[in-house]
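Chain and residue survey
One letter stands for each residue in the lines below.
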Amino acid sequence: MITRRLGASAEHPKVLITGGRAPAALELARLLAAAGCEVHAAESVRHHLCRVSKAVTRSHAVPGPAREPERFVAALEEIVRREGIAWLIPTCEEIFYVSAGLERLNRICRVVAPPLEQLRRLHSKWEFICRAQELGLSVPHTERVSKPQEWARFVARTASNPEEVFRDSYVVKPEFSRFASKVRIVKPCGGEAATERTRTTGETLIEVRLEAESYPWVVQQFIPGRTLCTYSIAYEGRLAAHAAYAASYAVRGGASVYFEPLYHPGLLEWVRRFVQMERFTGQIAFDFIETERGELYAIECNPRTTSGIHLFQPEDGLVLALLQPEALGESVIEPQPQTKGMLGLPMLACGLTGSRSWRAFAAWLSKYAAARDVVFRWSDPQPFAEQLFLLLELRRTAAARKQTLMEASTGDIEWNGGTS
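Residues numbered from 1 in each chain as written. Predicted model: local features only at pLDDT ≥ 70, side-chain atom pairs only at ≥ 80, totals over all residues. Heavy atoms only, no water.

Details of the overall build of the chain
Keep this limit in mind: Numbered from the N terminus, helices here are DSSP runs of H or I no shorter than four residues, and strands are runs of E no shorter than two. Exposed residues in this analysis have more than 50% of their type's maximum accessible area, buried residues have under 20%, and partly exposed residues fall in between, with area computed by a 1.4 Å probe over protein chains only.
Each helix and strand in the chain was counted, giving 14 helices and 16 strands. Within the chain, buried positions represent 53% of all 420 residues.

Okay, here's the thing in structure tokens:
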């Protein structure tokens, strides 16, 4: 058991996690509880997966950090003091608001979060690309569009004389976004810009240009290939845990719902080099495109918990990598090869609506039958039912604010480059 390796001072440590609505947060809570920790969860939505999990000792309501950042940090501070919390681990984008209060929170507990400026650089789909290029790592050609005039010049340039890197197609996405939301993949056709349409939404480039008035965008070379994802834990630039998987099945927004470990030396070396050069400490994830020739291109970074955590089992020792990474020496924790997980309900939808042939359906069915649902467990069944109540709450929020369901799911925690 991992608790035997944590040391006497860490016997049954109290850990507070934030972002309890996410399946990844539920997975972390279960891993922590299995390692002997007393787990607490802080959330700003009423219904969330960790609220009803047997792995969580107590759930605490906190203000939404995106709307009340000062009150959010104050609430966390109060919980830490009252409950005697030893570690605070953010899981979703509330990590940016936690990091904004890092100096304050670090006085009373250990916070698993990097400094805000480093988080911002990595979360930015423009600054991350610049940093990776600076380190000599492979990334697609990328440009930043921060004003409508810049977007208009780009549209005119590619329509009249497309550059080599954008000759086939290019990706347009907000500099700060999540779950592939608002991503456009545009294929130039040599005609007027207004007739060019995106693959995912059918919007014209002019419609995309209008949105550029609200926030900066990046325009990135589209590279055909398969999408690969990684999730890692690093400590002072040294890799402590690492997992990779192919995004074989994904919801419409782009997030993967099926997780099977992929042992890829190229990905491991890329991530190892990046975290070493960044002197990074914390959880970090990357999305890559691998071409048919085996070339790897990193396209974005998520410096927080992601779905890759579903690949780890209690016996793997991930908790040690989070709470006591210095005890690992040079070893890197990786998932067991037989581990297969899925988000059961979205994965079911992928098979029933996304299979285009009997062969594809049979492949999906075999994976669906072999994978465990990462939310449902016979020993901890209530989070599975809580999904419905969370969905209803998010639908009400989306209707009231005229948002999509995806936007409502992160509206109170998302961070889009502000100074908070």
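Concerning the sheet that holds strand β13 (residues 282-290)
The pairing of strands in a sheet comes from backbone hydrogen bonds and takes either a parallel or an antiparallel form. We count it as follows: Two strands qualify as a pair provided that DSSP identifies no fewer than 2 bridges between them. Only the contacting stretch of a helix is used when fitting its axis, a line to C-alpha atoms as for every element, and angles between N-to-C directions run 0 to 180 degrees.
Taken in spatial order, the 4 strands line up as β11-β10-β13-β14 in an open sheet, and their pairing is antiparallel. Strands with a single pairing partner mark the edges of an open sheet, and in this sheet they are β11 (238-246) and β14 (296-302). The average undirected angle you get between the axes of adjacent strands in this sheet is 25 degrees. The pairing of β13 with β14 spans 6 bridges and is antiparallel. Residue Phe286 lies in a different strand from β14, and its bridge partner there is Cys301.

Thoughts on the environment of Val171
Residue placement: Val171 occurs in strand β7 (residues 170-174). For the pair Val171 and Phe222, spaced 51 residues apart in the sequence, the C-alpha separation amounts to 5.6 Å.

A few points about the sheet that holds strand β5 (residues 110-111)
Keep this limit in mind: By the convention used here, residues are in contact when the closest approach between their heavy atoms is within 4.5 Å.
The strand order across the open sheet formed by 5 strands is β3-β2-β1-β4-β5, and the pairing between neighbours is parallel. Of all the strands in the sheet, the pair left with one neighbour each is β3 (56-61) and β5. In the sheet, strand β2 (residues 38-43) pairs with β3 via 5 bridges, with the strands oriented parallel. Bridge pairing in β3 places Ala41 opposite Ser59. Taken strand by strand, helix α1 (residues 23-34) contacts β1 (14-18), β2, β3 and β4 (87-90), and its axis lies near 175 degrees from that of β1.

Here's the deal with the nonpolar core
The condition that has to hold: Definition used in this section: a nonpolar core is a set of buried Ala, Val, Leu, Ile, Met, Phe, Trp, Tyr and Cys residues joined via side-chain atoms within 4.5 Å.
With 53 residues, the main nonpolar core has Val15, Ile17, Leu32, Cys50, Ile89, Leu318 and Leu323 as its most contacted residues. No other element matches the 7 residues that α1 contributes to this core. By size, the runner-up hydrophobic cluster in this structure holds 25 residues, among which are Leu228, Leu239, Ala246 and Val271.

Quick word on the confidence of the model for the chain
Definition in use: Residue-level confidence of the predictor, termed pLDDT, takes values from 0 up to 100.
For the chain, mean pLDDT is 86; residues scoring 70 or higher make up 85% of the total. Segment residues 189-204 is flagged for pLDDT under 50; beyond a separation of four residues in sequence, or across chains, it makes 32 contacts in the model.

Quick word on a nonpolar patch on the surface
Counted only if it meets this: Patches here are clusters of residues that have more than 30% relative accessible area and form no salt bridge, with a 9 Å joining cutoff for like charges and a 5 Å cutoff for nonpolar side chains (Val, Leu, Ile, Met, Phe, Trp, Tyr). Areas reported as accessible are Shrake-Rupley estimates using a 1.4 Å probe. Residue values count occlusion only from the protein chains shown. Think of a salt bridge as a Lys or Arg side-chain nitrogen and an Asp or Glu carboxyl oxygen that are within 4 Å of each other.
On the surface, Leu388, Phe389, Leu391, Leu392 and Leu405 cluster together to form a nonpolar patch covering roughly 400 Å² of accessible area. As for its position among the elements, Leu405 is in helix α14 (residues 405-410).

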